[in-house]
Every structure is written in C-alpha cells, then in structure tokens.
Amino acid sequence: MKKIIVLIITFVVSLAVGYSKIERNTYSLLIKDEIIDQKLVDSLKSFDGIQFMTFQFCFFDKEVSEFSFLSKKLGDIRLISCSSDNWGNFFESLNNSPELYGLNFEFCDIQRFLYKLKPLQLTRLVINNCQLQEIPGNIFDIKSIYLLNLSDNYIIDIPIGIGNLRNLESLHLNNNLLRNLPSEISKCKSLDLLDLNNNQLNNSDSLFHVISDLNITDLSLKNNYLETIPKQIVQMNSLEYLSIERNNLKIIPDYIFDSRSLKYLNLSNNNIESIPNSIANSRNLETLSLSGNLITSINENLCNVKKLKSLNVRANPIITIPKCILEKLNSGKIEIFSISTDCFRTDAEKNKFNSLDNNRIFHFKNKYEYLKFRDNPTFQKEYHYYFDN
C-alpha cells in the first residue's frame, strides 16, 4: 500500500509542476518534460521531506548558477534522457548533497563533466546509455559504492582504480567493448555479482585468473567470444550462477562439473553437440539450460544429478529422451522440462507412470514421431500418441 501511495503522490506532483504548482512535504517527486530554469529551481527550494527525485526528458538551463534544492536531504536522484548546454553547475551542486546515496544517469551526455563529481557517500551509481568511452578516475574515489552500473556504453578499458572499491558488491559492465579486466579488480573482495554480457571477451587466461579468487556468486558472460569454458571458473568456490550463452562453445569440459557450488548453468545458443558423462558429478546443479545447440540425445547420466529441477533442451535436434528423465518427471524430481524440436521419440514402456497430468512440463511443442507408454497403469492403449504443431 505504501508503494501505491508514493506513486500517486509522485504523479500528482508532476502534474502540479507543469502548472507551476508545487505541493510540499512529498516523499517522491517526478518532473517530466520541463525546462529546469531559475524559476522552477527557486520553487523546489521550498520543498521539505523529498528523498527521491526523478527528472525525465528535461532540459537544464545553463543560466542556473546553483541548483540549491540539491543541498536538501535528498537520498536518490535519477535523470533520464535529460540534456543541458552545461552540466557543470549541476555537478557542482551535487557535491553539496551530503546525504545523497543513489545517483542514476540514463541517456544523458555527461562524459565531459563526470570529472567534477567529488567523493560523496554514494552507495549506488548508475551511468547507463550515456555514450561513455572512458571512466574518469575520480569515480573510483567514491569508496562507499556497493553497486556500480556502467552498462550500455562504449567502454574499452576499466581503469586500475577499480581496485579502490573495496565495498563493491555488484558490477554491471554489460554492453560495452571490453576485451579484458585489470588485475586490480581482484582487490574487490566484496564483489558478488559481475555482469560482462555483450562485450568482446575471449579466452584470455589473464581475464579469468584475476577474478578466480573473488567470492562471486553470479557471473554473466553472455554474447562474447569464448570458445571454451575457462578452467579458472571451477576455482571460484562461491560461484552459483553461470551464464555463457551465445558464445562459440563446442564442448562442455568435464571439469565444469567439479564445481561444488554451481546451481545454475546456462550454455544456450552455442555449438555444443553432446552432454558429457561427467554431468553425473554435479553436486548442487539445479537448473541446466542447453537450448539452441546441436544436441541429438540426452545423456542418461543426467538422471544421476540428484538436485536437478529444471532442464531446458529446446531447439536441439533431439531424437530420443531416456526413460529415466521421464521417470523423474513423473516423480516430480524434475519440475520443469522444456523441449522443442523437429521430432523426437521416447520409449517409456513397462514403467510405473500413472499420468503426466500432475507434472509441470512446459514448452512441449514439437512434432512427435511416437511416444510409447505401453504397460503403465493408466495408459490403456498400446501406443500413446500426442501431436502439438
């Protein structure tokens, strides 16, 4: 209920600002499609209690010498698709916001003015889709940051100053032009999530060596240029979630299943042809996604992965499904099984299937050649056919 009230208040205030009316004592403020001139700034000075402020599609007038409302007890400021002839005064005013902990820029051209940002007590900094080509060093003087999002820019290199962020827990560098990371990132001992999706990373030993000693639980490497799964990943004893979707993988190396912490593994949309027998070594794997590969059969050793709950093999040329997989479906041990192929067949005769109605089988969309369920309690026909085109 509290969230709903805040949203309503924010909407009312945004309308009021448009008519030069301002309501006092609001918790959150949205200003949209406005020119932030001296008149509006003076009006905002009288606000009490604003903690969250969002500017969307606004133009900041360079004639405003001081954005004095920023010195209030603001906790979070967000700018979306805003512009200015001179951001300098705005950044100078930001530095007078002692209680500011969250700062978010999206689709704002601020590259030339970021150097003005002083070491505030920020814990969250987002600079997303701002056409950044490089990161100014003063960003890494803000040692209180625990979330840093620099995604959707044109960043090629990460400065060595990244090692100063000892409290950093979440680092989002997706959708950039990165080919490597500096060794200094190994000093970020609190780092828990690292998002490197959609970059230009390859199988550089140095890249994965520098992060192998970190306590990362969530690592995303989607849409890069990896040809093998780096062996150093197995050394990451805290890693639980690993995504290497849309790379150039051809095989799944045996050593990946030596990981004792891995729970979620996504290797979808590669060129993998088979599932190795070593899959049986997985101790804690719960979710395995192999969709969009070249796999023709499901390895029976998957049935020995005791904690497996979700298996996605959609968009593979699967021919057969082993009986044990269907047995796990029937018992509820595998809760989600997703498959979509041109055709497949399975022989599930002489088992103890009562029905498949109680199982959670999703995305079973394909042209079945045949499904055999003869000599099971409920299925009366010699062959049970099911077609879903």
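Up top is the structure.
Keep in mind the model is a prediction, meaning the values are calculated, not measured.

**A word on empty space enclosed by the protein**
Tallied over the entire structure, the rule returns 1 cavity of 30 Å³ or more. Empty space within the largest cavity amounts to approximately 50 Å³. Taken together, Ile-256, Phe-257, Ser-259, Leu-262, Ser-282, Arg-283, Asn-284 and Leu-285 form the lining of the largest cavity.

**Considering the packing of aromatic side chains**
Inspection of the entire model under this criterion finds 9 aromatic pairs. For the pair Phe-60 and Trp-87, a centre-to-centre distance of 5.1 Å together with 45 degrees between the ring planes defines the contact as tilted. Here Phe-60 is found in strand E4 (residues 59-60), whereas its partner Trp-87 is found in the loop between strand E6 (83-84) and helix H3 (88-94), with 27 residues between them in sequence. Each member of the pair, Phe-60 together with Trp-87, is buried. For the ring pair Tyr-241 and Tyr-264, a centre distance of 6.1 Å and an interplane angle of 45 degrees mean the geometry is tilted. Taken as a pair, Tyr-241 in strand E13 (residues 241-243) and Tyr-264 in strand E14 (residues 264-266) lie far apart in primary sequence, 23 residues in all. You can call Tyr-241 partly exposed: its relative accessible area is 36%. A relative accessible area of 27% places Tyr-264 in the partly exposed class. Here the aromatic cluster, defined as three or more aromatic residues joined through ring pairs, consists of Phe-55, Phe-60, Phe-67, Trp-87, Phe-90, Phe-91 and Phe-105.

**Brief notes about helix H5 (residues 323-331)**
Along an α-helix, residues three or four positions apart point the same way, because every turn accommodates 3.6 residues. Along H5, the residues classified as buried are Cys-324, Ile-325, Leu-326, Lys-328 and Leu-329. Residue Gly-332 follows H5 closely and has a positive phi angle near 85 degrees.

**What about the state of the cysteines?**
One pass over the full model with this rule turns up 1 disulfide. Note that Cys-303 is cross-linked by a disulfide to Cys-324, the S-S spacing being 1.8 Å. For the disulfide bridge between Cys-303 and Cys-324, the dihedral angle about the S-S bond is near 70 degrees, and by the sign convention the bridge is right-handed. Taken together, the residues Cys-303 in the loop between strand E15 (287-289) and strand E16 (310-312) and Cys-324 in helix H5 connect sequence positions 21 residues apart. Residue classification places Cys-303 among the buried positions, given a relative accessible area of 13%. Owing to a relative accessible area of 18%, Cys-324 belongs among the buried residues under this scheme. Cys-58 carries a free sulfur, and the closest cysteine sulfur to it, the one in Cys-82, is 4.8 Å from it. Not part of a disulfide, Cys-108 finds its nearest cysteine sulfur in Cys-82, a span of 5.0 Å. What makes Cys-108 buried here is its relative accessible area of 1%.

**With respect to the sheet that holds E4**
Taken in spatial order, the 3 strands line up as E2-E4-E6 in an open sheet, and their pairing is parallel. The sheet terminates laterally at strand E2 (35-36) and E6, the two strands that pair on one side only. Bridging between E2 and E4 involves 2 bridges; their strand directions are parallel. Note that in E4 the partner of Ile-35 across the bridge is Phe-59.

**Section: the pairing of strand E8 (residues 124-128)**
Judged by how many residues are buried, E8 sits mostly within the fold: 5 of 5 residues are covered. The pairing of strand E7 (residues 102-106) with E8 spans 5 bridges and is parallel. What sits directly across from Gly-102, in E8, is Arg-124. Strand direction decides the pairing type here: E8 and strand E9 (residues 147-149), joined by 3 bridges, are parallel. Each residue of the ladder has a partner; that of Val-126, found in E9, is Asn-149.

Criteria and thresholds
- Residues numbered from 1 in each chain as written.
- Predicted model: local features only at pLDDT ≥ 70, side-chain atom pairs only at ≥ 80, totals over all residues.
- Heavy atoms only, no water.
- 1 Å grid on protein atoms, 1.4 Å probe; cavity = no way out; pocket = protein on both sides within 12 Å on 5 of 7 lines; lining within 4 Å.
- Points joined across faces, edges and corners; volume = space filled by probe spheres on them.
- Phe/Tyr/Trp six-rings, centres within 6.5 Å; stacked < 30°, edge-to-face > 60°.
- Helix = DSSP H or I, 4+ residues; strand = E, 2+ residues; numbered from the N terminus.
- Buried < 20%, exposed > 50% of the residue type's maximum accessible area, 1.4 Å probe, protein only.
- Disulfide = S-S within 2.5 Å.
- Pairing = 2+ DSSP bridges.

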